[in-house]
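Breakdown of the fold
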Amino acid sequence: MGVQTIVGTILFICYCVTILGLILVILTENRNPLKTIPWVIVLVLLPGIGLLFYFLFGQDNRKQKIISRRIYKRIMKRPHSNSPKKDSYPVPLQYRPLVHLLGISNEFSLLYGSEISVYTTGNEKFKALLEALRNAHHHIHLEYYIFCDDEIGRQVQNVLIQKASEGIEVRVLYDDVGCWNVKKSFFKEMKDAGVEVYPFLQVVLPVLSSKVNYRNHRKIVVIDGITGFMGGMNIADRYCVGTSWGSWRDTHFKIEGKGVHGLQSAFLIDWYVITKQLLNGRVYYPQVPVLSSKLMQIVTSGPVEQWRILLQATIKVIASAKKYIYIQTPYFLPTEGLNQALQTAALSGVDVRLMLPKRADSRAVNMASHSFIDYMVKAGAKVYFYNPGFLHAKLVLSDDMLTCIGSANMDFRSFEHNFEINAFVYDESFALQMKKIFTHDLHNCEKLVPARWLKRPLKQRLIESFMRLFSPLL
């Protein structure tokens, strides 16, 4: 036996031992079987590539700490100040367990008295955002998954540079992977002009980094601690001009009042994680007037936290619904728990309505999403496909009282891999406003006919079922 043969045999044995070792690690982590099986398949069927994919995308980071408990509590202390007493919370009885869940998990307190403006087009959102940025007096904090170097991106960039030249504190966080297609010179221009700019979880060598899979999907703007923006829109032209195959339907929100302090603490935690600069002065949490009777909780989630809090909260909302659950999401790849919760609600007589894009920006995700629809419609849920273009809005609405808005999609990636931020709003008038928007969108939808859907071609169903196997990885 030649030397090359011996070396080859040794390498093959080492590789096999490595693969078997990784499979044992995956099994002993006690993950959801739906997530374990796809990784075992990938490792077995894609030698070499499967190993690389697992290193990049498969590791469980929940045991990692990116911020100390002491620093976290110092930053979170400010939003809690001047909150209403617990016995004065006008929270409906059915949502008090949800409030407790969110409060005890990560200390997301109730924030009282905010006003919320809703934008359903990019033109509306960016007009309001640019105006608010121009009116900044002390600081601007901006955090986006995608910050494009295009017409809209340049308009925002110019305002940030102008405000920095006026002596305003301007801080920007952008996701490193989300902005891979953006030239570094775009951000350098801001940095050279006095804007503090940093990438979130920078990936220097993608092939050698496990950070690739854990991205900051949040969209946060805080101005002077009194005005904030959050929702589904990044900074890019497509939110105004759409795509080559249709319009881009999204939703974004401006918050004024106490709720902005929740956005501020989320930004300042991320800022500390990346820069190690602790900003916790009262100037970032000024006194704000009571503008309404709305109560909200600003909730963040991420892959390094012990609990999948947004997933747990969403399941709790569905389980608590008595009349209806309306959902808008661009991607529908639910965990088994979320899947069962929706089916159980529909079977219990709750009006479950799910609005998805007719055509998504990812063919693989779209096919996998379709595989989850069969049992939804069999359980009695109503499914609608948005026709004019891509539906990118994220909304959970229940019983004319609870509204969940923010950056998280209904998929494994948002609930388990991404850093996300949502607001849970307990207010009848706001819920009715969002219900009206949802109902308006229904006019642009094609309602799925169960009998016709369940008879779609066998080949199509097989492809969808195959892609479903990989839904935890998409």
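Let me sum up the structure you'll find in this document. (Residues numbered from 1 in each chain as written. Predicted model: local features only at pLDDT ≥ 70, side-chain atom pairs only at ≥ 80, totals over all residues. Heavy atoms only, no water.)

Remarks on the overall build of the protein
What counts is decided by this rule: To qualify as a helix, a DSSP run of H or I must reach at least 4 residues; to qualify as a strand, a run of E must reach at least 2; elements of each kind are numbered from the N terminus. Residue exposure (1.4 Å probe, protein chains only): buried if accessible area is under 20% of the type maximum, exposed if over 50%, otherwise partly exposed. Any two residues whose heavy atoms approach within 4.5 Å at even a single point are treated as in contact. In short, Shrake-Rupley with a 1.4 Å probe defines the accessible areas, and a residue's cover is counted only from the protein chains shown.
Within the protein, the secondary structure is distributed over 18 helices and 20 strands. Across the 474 residues that make up the protein, the buried fraction comes to 56%. Counting only contacts in the protein whose residues sit at least 6 apart along the sequence, the fraction spanning at least 24 positions is 82%. Of the roughly 20,700 Å² of accessible surface on the protein, a fraction of 59% belongs to carbon and sulfur atoms.

Here's the deal with the sheet that holds strand β5 (residues 196–200)
Heads up, the condition is: At least two bridges found by DSSP between two strands is the condition for calling them paired. Each axis is a line fitted through C-alpha atoms, and for a helix only the stretch in contact is used; angles between axes span 0 to 180 degrees, taken between their N-to-C directions.
Read from one edge of the open sheet, seven strands run β2-β9-β7-β6-β3-β4-β5, paired in mixed fashion. Two strands lie at the open edges of the sheet, namely β2 (115–119) and β5, each paired on one side alone. Along the sheet, successive strands turn relative to each other by an average axial angle of 15°, direction set aside. Of the pairings in the sheet, the one linking β2 to strand β9 (residues 252–256) comprises five bridges and is antiparallel in character. Within β9, the position partnered with Glu-115 by the bridge is Glu-256.

Re the packing of aromatic side chains
Any two aromatic rings considered together are summarised by their centre-to-centre distance and by the angle between their planes. Defined as follows: Two aromatic rings from Phe, Tyr or Trp, using only the six-membered ring of Trp, form a pair when their centres are within 6.5 Å; if the ring planes differ by under 30 degrees the pair is stacked, by over 60 it is edge-to-face, and anything between is tilted.
Here the structure, examined in full by the defined rule, presents 17 aromatic pairs. Judged by centre distance (5.4 Å) and plane angle (85°), the rings of Tyr-198 and Trp-271 are edge-to-face. Of this pair, Tyr-198 sits in strand β5 while Trp-271 sits in helix α10 (residues 259–275), and the two are 73 residues apart along the sequence. Residue classification places Trp-271 among the buried positions, given a relative accessible area of 0%. With centroids separated by 4.8 Å and ring planes inclined at 15°, the aromatic side chains of Tyr-326 and Phe-438 adopt a geometry described as stacked.

Digging into helix α16 (residues 428–442)
Spelled out, the test is: Expected span, for any helix, means 1.5 Å times one less than how many residues it has. Working note: the arc is built from the helix axis to C-beta atom directions.
For α16, spanning 15 residues, the distance from its first C-alpha to its last is 21 Å, which sits close to the expected 21 Å at 1.5 Å a residue. Considered for burial, the residues of α16 that qualify are Phe-430, Ala-431, Met-434, Ile-437, Phe-438, Asp-441 and Leu-442. Buried residues along α16 cover an arc of 150° about the axis, so they all sit on one side. Facing away from the buried side of α16, by more than 90 degrees, are the exposed residues Lys-436 and His-440.

Quick look at the side chain of Ser-369
With respect to the secondary-structure elements, Ser-369 resides in helix α13 (residues 363–371). Not counting residues within four places of it along the chain, the set of residues in contact with Ser-369 comprises Tyr-331, Phe-332 and Leu-333.

Focus on unusual backbone geometry
Even without glycine at this site, Leu-201 takes up a positive phi of about 45°. Turning to its location among the elements, Leu-201 is positioned in the loop between β5 and β6 (220–223). In this structure, Lys-276 is a non-glycine residue whose phi angle is positive, near 65°. Note that Lys-276 resides in the loop between α10 and β10 (295–301).

Concerning helix α7 (residues 151–165)
When the terminal C-alpha atoms of α7 are compared, their 21 Å separation across 15 residues agrees well with the 21 Å that a helix rising 1.5 Å per residue should span. If you check which residues of α7 are buried, you get Ile-152, Gly-153, Val-156, Gln-157, Val-159, Leu-160, Lys-163 and Ala-164. The buried residues of α7 occupy one face: seen down the axis, they fall within an arc of 165°. Along α7, exposed side chains directed more than 90 degrees from the buried face belong to Glu-151 and Ser-165.

Details of the pairing of strand β3 (residues 139–144)
Applicable threshold: Classification remark: right-handed applies to a crossover when, strands pointing away from the viewer, the course from the first strand over the helix to the second runs clockwise.
Of all six residues in β3, six are buried, a share of seventy percent or more. What you see with β3 is no split at all: His-139, His-141 and Glu-143 on one side and Ile-140, Leu-142 and Tyr-144 on the other are buried throughout. Note: β3 against strand β4 (residues 169–175), six bridges, orientation parallel. For His-141, the partnering residue across the bridge sits in β4 and is Arg-171. The parallel pair β3 and β4, bridged by α7, forms a crossover whose chirality is right-handed. With four bridges joining them, β3 and β6 adopt antiparallel strand pairing. Bridging from a neighbouring strand, Leu-142 pairs with Val-221 of β6.

Comments concerning the pattern of salt bridges
We apply this condition: The salt bridge definition used is simple: a Lys or Arg side-chain nitrogen within 4 Å of an Asp or Glu carboxyl oxygen.
This model, assessed by the stated rule, comprises 16 salt bridges. A salt bridge links Arg-456 to Asp-374, with the nearest nitrogen and oxygen atoms 2.9 Å apart. Of this pair, Arg-456 sits in the loop between α17 (450–453) and α18 (458–468) while Asp-374 sits in helix α14 (residues 373–379), placing them 82 residues apart in sequence. Like Asp-374, Arg-456 is buried. Taken together, the shared-partner salt bridges connect Asp-149, Arg-154 and Glu-189 into one network.

Section: the environment of Lys-184
In this structure, Lys-184 sits in helix α8 (residues 184–192). Residue Lys-184 is classed as partly exposed on the basis of its relative accessible area, which comes to 44%. When residues no more than four places from it in sequence are discounted, the contact partners of Lys-184 are Tyr-174 and Asp-176.

Looking at the nonpolar core
What tends to happen in soluble globular proteins is that the nonpolar side chains get buried as a cluster. We count it as follows: By convention a nonpolar core is built from buried Ala, Val, Leu, Ile, Met, Phe, Trp, Tyr and Cys residues, the set being connected through side-chain atoms within 4.5 Å.
Ranked by internal contacts, the top residues of the largest apolar core, which has 92 residues, are Phe-147, Leu-160, Phe-424 and Tyr-426. Excluding residues that lie within four positions of it along the chain, Leu-160 makes contacts with Leu-133, Ile-140, Leu-142, Phe-147, Val-170, Val-172, Met-190 and Val-195. Counting 40 residues, the second-largest nonpolar core is a separate cluster that includes Leu-111, Ile-220, Tyr-284 and Tyr-386.

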